[in-house]
Amino acid sequence: MIELIDSHCHLDFADFAPDRLEVLARAKAKGVTHFLVPSIGAHNWQAVLALASQHQGVYAALGIHPYFLANFDDSHLQLLDYYLTTEKGVVAVGEFGLDKMVDFPFEQQLQICKQQLLLAKQHNLPVILHCRKAHNELIQLLQQVKLSRGGVIHGFSGSSQVGMQYIKLGFKLGIGGVITYPRAAKTRQAVSELPLSSLLLETDSPDMPILGYQGQRNEPANITEVLQTLTKLRGESEELIAKANVSTFCELFLS
Ligand SMILES: [Zn+2]
């Protein structure tokens, strides 16, 4: 069986409470060996850490997502620093980033994003970044901060040109269900021509539905659908893409 990795899935979310073990088993039956679970704010750090400590192959990342800044408090950054110091199992800072569609002052988002980038640099960890309609601002921040280990732009959607800017900064691009939609022409074109070593497969479960599964909960087993689409778009074999994906993941997060 081909070994697969879901580099971004929110397995701690309540959506999975009724059948989390079955969800993991279904994914493992399809060859998924590693699951990276990013967190979204101080309120779910404990849950994500607990999942990673309970399940083989599940890894934790800690961060503050721009969707969940309404109750943000500077003490959350201090707590994040504390966890990154004491919890040796954390493999990345994330997910966090910039989102111009969110109703929260953008200037403040920039500050909170920069603080988390600095924490990642200080703890020598890679980052998992969320970015919507703010690529220029995020690229500028990354140029300023100069991370030691880079990271991934989760749920990448955009042109090859934007993708290359991130790749030059030492970043990988998280590729998920978006590419299964024919209307995502620009992103499909980009993932067909960008270097294979810069792509990381992800589902963003329970979100980001795959074409044909809209309205249903997404789950890590569906990573095979993302792989199949990528195979068609790139004209490379599933084995080749999956193998590259495993080594990119291990190099970025587990080395
Ligand atoms: Zn996510």
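Structure shown above.
Note that the coordinates shown come from a computational prediction; the quantities given were computed from them, not determined experimentally. (Residues numbered from 1 in each chain as written. Predicted model: local features only at pLDDT ≥ 70, side-chain atom pairs only at ≥ 80, totals over all residues. Heavy atoms only, no water.)

Caption draft 1: Representation of the overall build of the protein in the model. Helix and strand counts for the protein come out as 9 helices and 8 strands. Along the longest, intermediate and shortest principal axes, the C-alpha atoms of the protein span 45 × 40 × 35 Å. The buried share among the 255 residues of the protein stands at 57%. For the protein, the exposed surface amounts to about 11100 Å²; the carbon and sulfur share of it is 50%. Seen as two clouds, the 21 positive and the 25 negative side-chain charges of the protein have centres 6 Å apart. (Helix = DSSP H or I, 4+ residues; strand = E, 2+ residues; numbered from the N terminus. Buried < 20%, exposed > 50% of the residue type's maximum accessible area, 1.4 Å probe, protein only. Areas by Shrake-Rupley, 256 points an atom, 1.4 Å probe, with all protein chains shown as cover. Lys, Arg positive; Asp, Glu negative; His and termini not counted. Charge placed at Lys NZ, Arg CZ, Asp CG, Glu CD.)

Caption draft 2: Up close: the sheet that holds strand β4 (residues 90-99). Read from one edge to the other, the open sheet built from 8 strands follows the order β1-β2-β3-β4-β5-β6-β7-β8, with strand pairing classed as parallel. Of all strands in the sheet, those bounded by a partner on one side alone are β1 (4-6) and β8 (199-201). Each strand of the sheet is rotated relative to its neighbour by a mean of 30 degrees, with strand direction disregarded. Together, β4, β5 (127-132), β6 (151-153) and β7 (171-175) form the strand contacts of helix α5 (residues 135-145), whose direction differs from that of β5 by roughly 150 degrees. (Pairing = 2+ DSSP bridges. Axes fitted to C-alpha atoms, helices over the stretch in contact; angles between N-to-C directions. Contact = heavy atoms within 4.5 Å.)

Caption draft 3: Spatial organisation of the nonpolar core. If you look at the biggest cluster of nonpolar residues, it comprises 71 residues, and the most contacted ones within it are Leu11, Leu117, Val127, Leu129, Leu138, Tyr166 and Leu173. Looking at this core, the element that brings in the most residues is helix α4 (residues 106-122), giving 6 residues. Not counting residues up to four positions away in its chain, the partners in contact with tyrosine 166 are Cys131, His135, Leu138, Ile139, Leu142, Ile153, Phe171 and Leu173. Grouped together as the second largest cluster of nonpolar side chains are 12 residues, Val152, Leu200, Leu252 and Phe253 included. (Core = buried A, V, L, I, M, F, W, Y, C linked by side-chain atoms within 4.5 Å.)

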